[in-house]
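Commentary on secondary and tertiary structure
One letter stands for each residue in the lines below.
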Amino acid sequence: QMCIRDRTIPAQMRYHQCESNTFPVGAEIRKRTKAALEWIASPERDGETYGVAGDQELLFAYPRVLPKGKIPIVKMFGAQRDENLKDDMFERLSKSVIEQLKGLGQATDDAELEIFSLRKMDKARTKVVYYRNVTVPLLERASEMWCQGCQNIPVLDVRDWSEKMDEKTGKSYPVIVESAVVFPIKLHRYLNAVWKRDGKRADTGKSKVSIFTPSDGLQLLLEEQCGALAKYMMERFMQHAQGYFLSLCCATGKREIAKLPDKIYYPGILGLLLLKSGKRKDEYMKESAFLLGRFLRVADEIHRLYCEVVRKSDLPPELCGSSLLVGMMESPVRTLDQLAMRSAPYVKWARAYH
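A closer look at unusual backbone geometry
Phi angles above zero are rare outside glycine, and Asp-262 is one such case at about 55 degrees. Summarising the element assignment, Asp-262 is placed in the loop between helix H10 (242-253) and helix H11 (266-276). With phi around 65 degrees, Ser-313 is a residue other than glycine that occupies positive phi space. Here Ser-313 lies in the loop between helix H13 (288-309) and helix H14 (320-323).

The structure is reproduced here in structure tokens:
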């Protein structure tokens, strides 16, 4: 100990060792680790053992014994550039990957998959921001629950303009938007996006929000005990995306097409976070918050019908129910009384009309 004190200052002492003895990984192991990383990150293995997870971040995912054929595990997580994932769906990729892994035999089925993310912190430092080992059965259960979560929403009448043109008019026409499953690595994009009431992004330029990272989506997918993370994501998501959903609801109530992107993902993300928080749609659809929303929708439909018949399709900027949506979230009891008074003439007309 006297020798150690003489050779180094106390801040450099660790485990009663000093200098190079405090670092357990020698030069030879570091060379082998560097060579292994360079091999699995070679360009020909892009989409097989590694993929781009985000800005300055790479995701690695592979079985401990690499098969002869390519299995796109990282592509299943969404760790690819957007143009490469344009025509792929999480459901199809996850089923394909699981089937290929199961086809390798019992040894691979029982073995753990190596999954980790590396992020470039600066020119000299690279940090491991996520690390997890999973088995094939666990990955299969996690993927199935992820898909169920994105479908954990009631039937919605959300519409968008078609990509194809009508043969007679040569113009786009309204089509029902079908919910899609978001890739885990891409989830952070929608959680960080902040929207204003007019349906425009509030976080532009230098004001971008970066609370969540690509690895947070992986954690939500693979961790079995993630209730706290899901609730925190739900809190942030509802604050950031409130303007998005308000614009979408107001346009849907008036049967208009909202000029909003990613309609295939936003409702599904809400359903996913609800499921991960322990809320299934057959349960939350019976709760007061959902039923109050239904009241607003019924009020909108009656008001819209009144305007179409009595006012000759002259619709106001906001329908009766949509105008009270914010108040219903803040003070349900008082707003429900206001809804009863405001919708009374339209309900009276509807009864007489029928």
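Quick notes on the confidence of the model for the protein chain
Of the residues in the protein chain, 89% have a pLDDT of 70 or more, and the chain-wide mean is 85. At the level of individual helices and strands, the protein chain shows its lowest average pLDDT in helix H1 (residues 2-7), which scores 48, and its highest in H11, which scores 95. The model gives residues 1-6 a pLDDT under 50, and that stretch makes five contacts with residues more than four places away or in other chains.

Quick look at the nonpolar core
Membership of the largest hydrophobic core comes to 64 residues, with the highest contact counts inside it found for Phe-77, Trp-146 and Leu-220. Tyr-306, Cys-307, Leu-325 and Ala-350 belong to the second-largest nonpolar core, a separate cluster that totals 14 residues.

Here's the deal with the pairing of strand E2 (residues 57-63)
Burial within E2 is extensive, with six of its seven residues counted as buried. In the sheet, strand E1 (residues 50-54) pairs with E2 via four bridges, with the strands oriented antiparallel. In the sheet register, Gly-54 faces E2, and the bridge partner there is Glu-57. Here E1 folds back onto E2, and the loop between the two strands holds two residues, one of which, Gln-56, carries a positive phi near 60 degrees. In terms of strand pairing, E2 meets strand E3 (residues 112-120) through seven bridges, oriented antiparallel. Bridge pairing in E3 links Leu-59 to Ser-117.

A short note on the environment of Gln-151
The topology assignment puts Gln-151 in the loop between helix H6 (136-150) and strand E5 (159-161). Residue Gln-151 is classed as partly exposed on the basis of its relative accessible area of 37%. C-alpha separation for the pair Gln-151 and Val-181, spaced 30 residues apart in sequence, amounts to 7.9 Å. Among all residues touching Gln-151, those that are not within four sequence positions of it are Ser-179, Val-181 and Lys-281.

Some words on the pattern of salt bridges
Applying the stated criterion to the full structure yields 19 salt bridges. For Arg-64, the salt bridge is made with Glu-114, and the minimal N-O distance between the two is 2.8 Å. Highlighted residues: Arg-64 in the loop between E2 and helix H3 (73-77) and Glu-114 in strand E3, separated in sequence by 50 residues. Taking the relative accessible area as the measure of exposure, Glu-114 reaches 13% and is therefore buried. When the shortest N-O distance is used, the salt bridge between Glu-287 and Lys-279 registers 2.8 Å. Here the residues in one salt-bridge network are Arg-255, Arg-297, Glu-301, Arg-304 and Glu-308, joined through shared partners.

Criteria and cut-off values
- Residues numbered from 1 in each chain as written.
- Predicted model: local features only at pLDDT ≥ 70, side-chain atom pairs only at ≥ 80, totals over all residues.
- Heavy atoms only, no water.
- Helix = DSSP H or I, 4+ residues; strand = E, 2+ residues; numbered from the N terminus.
- pLDDT = per-residue confidence, 0-100.
- Contact = heavy atoms within 4.5 Å.
- Core = buried A, V, L, I, M, F, W, Y, C linked by side-chain atoms within 4.5 Å.
- Buried < 20%, exposed > 50% of the residue type's maximum accessible area, 1.4 Å probe, protein only.
- Pairing = 2+ DSSP bridges.
- Salt bridge = Lys/Arg side-chain N within 4 Å of Asp/Glu carboxyl O.

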